[in-house]
Amino acid sequence: MVKLVGGVGTSHVPSIGAAIDLGKTQEPYWKPLFAGYETARQWMKEANPDVVIIVYNDHASAFSLRLIPTFLIGVADEFLPADEGYGPRDVPVVQGDARLAWHLAESLILDEFDLAIANEMPVDHGLTVPLSIMCDQPDAWPCKVIPLCVNVIQYPPPTGMRCYKLGKAIRRALDSYDDNLKVAIFGTGGMSHQLQGERAGIINQEFDIDFLNKLGSDPESVARIPHAEYIMETGSEGIEMIMWIVMRGALDDKVQEIYRHYHVPASNTASGLIIFEND
Ligand code: DHB
Ligand code: FE
C-alpha cells in the first residue's frame, strides 16, 4: 500500500526557476524568498517520496486552445522540460512512474473522474519550478513524478469542489495500490496574481493568508470559493489556487501544518508555500 507522506502547495512563478538556473538566488531581490525554501527542502529530503503527483496547469506549452483537457494525467516513462520560448530549462528530464500512473488513470476513471491520458507531453514551469523549489539543482530529480494537469487557462475551469473531490478520488486510488511506495502530492500555482490588463500586478495578502489558514483546517469552505471571487479578489491568475485544493483533498480530513512561507512579490505574484502531513 502507498504511504502518503505529505502534501505541498506552492507557487510556480517562472522567474523563480530562472533565478535558480542563472545563479541569482542570493541577490537582494531573491534572497528572502529562497531563505524560506530551506526548511521545505529539508522536509523533502526527510520525507524522501518515491513518487510525487504534481497537480499543475500547462500554460499553452503542451496544449494550445486547439485542445483543452479539463483534467489530464501523464502516464509516460519520462517527460521533457518544455521550450517556453527561450529554450527548455536546463533541468533534469522528469522520470514518470507509468505503473502507478496507469493505476491512477484506471481507478479515477472507473470512479467517475474522466481524465484525459497523455503518453507524451512536455512539462512547463508549472511542474518544473515546484521541483526546483523543493529539490534545488540535483543532477537527477530524487523522485519519480506523475503530472496531473488542470485547466485554469480557458473558461470554464473546474470548480474548487470538483478539485477537492478529485483529490479524494486520488486518495482512494493510492489506498488501493498494490506496491509499497512513499508518495507525496503537490498542488501548484497562485497565489494572488494577474499578469495582464489594467489590474496587472494585483496582490491580495489578506485573501492569500486566509486561504492558507483555512486550507488545512476547513478545506470545504475553501473548496466552495466561486471562480468570480478568485478573479475579483486575487486577479485573473489567482484561479490557479484551485490546484492546491486537489492536493488538500488527497490528505486526511485532519492534517498538521508542518511549514508555511509567504513572500511578496516574486515577479508579479504573491509567492506561497505550505506543507501538510496527515495528522
Ligand atoms: C508568473 C506567475 C505564474 O504563475 C505564471 O504561470 C507565469 C508568470 C509571474 O508572476 O510572472
Ligand atoms: Fe502559472
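Before reading further, recall that the structure is shown in the block above.
The notes below deal with the structure included here. What you see is a predicted model; the values in this text were computed from it and never measured.

### Quick notes on the site of ligand 1
Near ligand 1 the following residues occur: His12, Val13, Pro14, His59, His125, His193, Leu195, Glu240, Ser267, Asn268 and Thr269. Between ligand 1 and His59 there is a distance of 2.7 Å, counted from an oxygen atom to a side-chain nitrogen or oxygen. One of the side-chain N or O atoms of Glu240 is found 3.1 Å from an oxygen atom in ligand 1. Relative to its free-state accessible area of 290 Å², ligand 1 is covered by the protein chains to the extent of 90%.

### Digging into the packing of aromatic side chains
Scanning the model with the defined rule gives 6 aromatic pairs in all. Both rings, one in Phe207 and one in Phe211, keep their centres 6.5 Å apart while their planes meet at 20 degrees; by these two values the pair is stacked. Remark: Phe211 and Phe207 occur in helix 7 (residues 205–217); sequence separation between them is 4 residues, near one turn of the helix. The exposure classification of Phe207 matches that of Phe211, with both residues buried. Directly above the ring of Phe276 sits Arg248, whose terminal nitrogen or CZ lies 5.9 Å from the centroid.

### Re the pattern of salt bridges
Evaluated as defined, the whole model comprises 11 salt bridges. Arg41 is the salt-bridge partner of Asp136, the closest N and O atoms lying 3.6 Å from each other. On the criterion of sequence distance, the pair formed by Asp136 in the loop between helix 5 (125–135) and strand 7 (144–150) and Arg41 in helix 3 (residues 38–47) is long-range, its members being 95 residues apart. The salt bridge involving Asp175 is made with Arg171; its shortest N-O contact spans 3.3 Å. In this pair, Asp175 and Arg171 both sit in helix 6 (residues 160–175), 4 residues apart, roughly one turn of the helix. On the basis of relative accessible area, Asp175 is assigned to the partly exposed category, the value being 35%. On the accessibility criterion, Arg171 (18% relative accessible area) is buried. Here the salt bridges do not stand alone but share partners, grouping Arg171, Asp175 and Asp252 into one network.

Criteria and thresholds
Starting from 1, residues in each chain are numbered consecutively following that chain's sequence as written. As a convention, the first chain written is A and the first ligand written is 1, with the rest following in written order. Where local features are concerned, this predicted model is filtered to residues with pLDDT of at least 70; where side-chain atom pairs are given and counted, the filter is 80 or more; whole-chain, interface and lining totals use all residues. Only heavy atoms go into the side-chain values, all of them from the structure, while hydrogens and water stay out. Distances are taken per atom, and a residue is near a molecule or strand as soon as one of its heavy atoms is within 4 Å of it. Each polar contact in these results corresponds to two N or O atoms within 3.5 Å; when the atoms are within protein, one needs to be able to donate a hydrogen and the other to accept it, and residues that are neighboring in sequence are counted only if both atoms are side-chain atoms. Note that accessible areas follow from Shrake-Rupley with a 1.4 Å probe, and for residues the cover is restricted to the protein chains shown. Stacked, tilted and edge-to-face pairs are distinguished by plane angle, under 30 degrees for stacked and over 60 for edge-to-face with tilted covering the rest, among Phe, Tyr and Trp rings (Trp via its six-membered ring) whose centres lie within 6.5 Å. Under the scheme used here, helices are H or I runs from DSSP no shorter than 4 residues and strands are E runs no shorter than 2 residues, and both carry numbers assigned from the N terminus. Any residue under 20% of the maximum accessible area for its type is buried, any over 50% is exposed, and the rest in between are partly exposed; the area is computed with a 1.4 Å probe on protein chains only. Counted as over-ring charges are cases with an Arg CZ or a Lys NZ within 6 Å of the ring centre that also lie within 35 degrees of the ring normal. In the sections that follow, a salt bridge refers to a side-chain nitrogen of Lys or Arg positioned within 4 Å of a carboxyl oxygen of Asp or Glu.

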